[in-house]
Amino acid sequence: MATGRTERGDDRRTGRASDRQEGQGVGDRVREQMGDMGDRIREGYGTVRESIDQGYSQAESLVAGHPMESVLIAFGIGVGVGVVLTTLLAQTPRQSWSERYMPDSISEHMPKFMRRR
């Protein structure tokens, strides 16, 4: 019986060792893939950065070549955004025709579905 226990113990140790090796192999593959992903992210960042710099340079030269038009366009956009925001933020309750012009004494005798809300 003692030999059976020893064999099982050896099997467990061998299994643990192979599990460790397999785990290390998986860890190595994950590290390698993460490194590749980091490289791709850095390359993409560099490409985006170059595109942004190029667009900024073009915009800068366009504004330098047409300063008055640029100021007027910026002013117009600012006015437009201001009007839209003011309209959205100043939500005054709208009155119906009956609320504005119908006397209260008449509106009291109207059916409920036609009364002011």
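Residues numbered from 1 in each chain as written. Predicted model: local features only at pLDDT ≥ 70, side-chain atom pairs only at ≥ 80, totals over all residues. Heavy atoms only, no water.

## Examining the overall build of the protein chain
And step 1. On a plain count of helices and strands, the protein chain comes out with 4 helices and 0 strands.
And step 2. Each helix (α) and strand (β) of the protein chain, taken in turn from the N terminus, gives the series α-α-α-α.
And step 3. Taking all 117 residues of the protein chain together, 6% fall into the buried category. (Helix = DSSP H or I, 4+ residues; strand = E, 2+ residues; numbered from the N terminus. Buried < 20%, exposed > 50% of the residue type's maximum accessible area, 1.4 Å probe, protein only.)

## Some thoughts on a nonpolar patch on the surface
And step 1. Taken together, the side chains of Ile 73, Ile 77, Val 81, Val 84, Leu 85, Leu 88 and Leu 89 define a hydrophobic patch exposed on the protein surface, amounting to about 710 Å² of accessible area.
And step 2. Along the polypeptide, Leu 88 turns up in helix α2 (residues 67–89). (Patch = residues over 30% accessible without salt bridge, like charges linked within 9 Å, V, L, I, M, F, W, Y side chains within 5 Å. Areas by Shrake-Rupley, 256 points an atom, 1.4 Å probe, with all protein chains shown as cover. Salt bridge = Lys/Arg side-chain N within 4 Å of Asp/Glu carboxyl O.)

## Some points on the confidence of the model for the protein chain
And step 1. Of all residues in the protein chain, 83% attain a pLDDT of 70 or more, and the chain-wide mean is 81.
And step 2. The element-level mean pLDDT for the protein chain is lowest in helix α3 (residues 97–101), coming to 74, with α2 highest at 94. (pLDDT = per-residue confidence, 0-100.)

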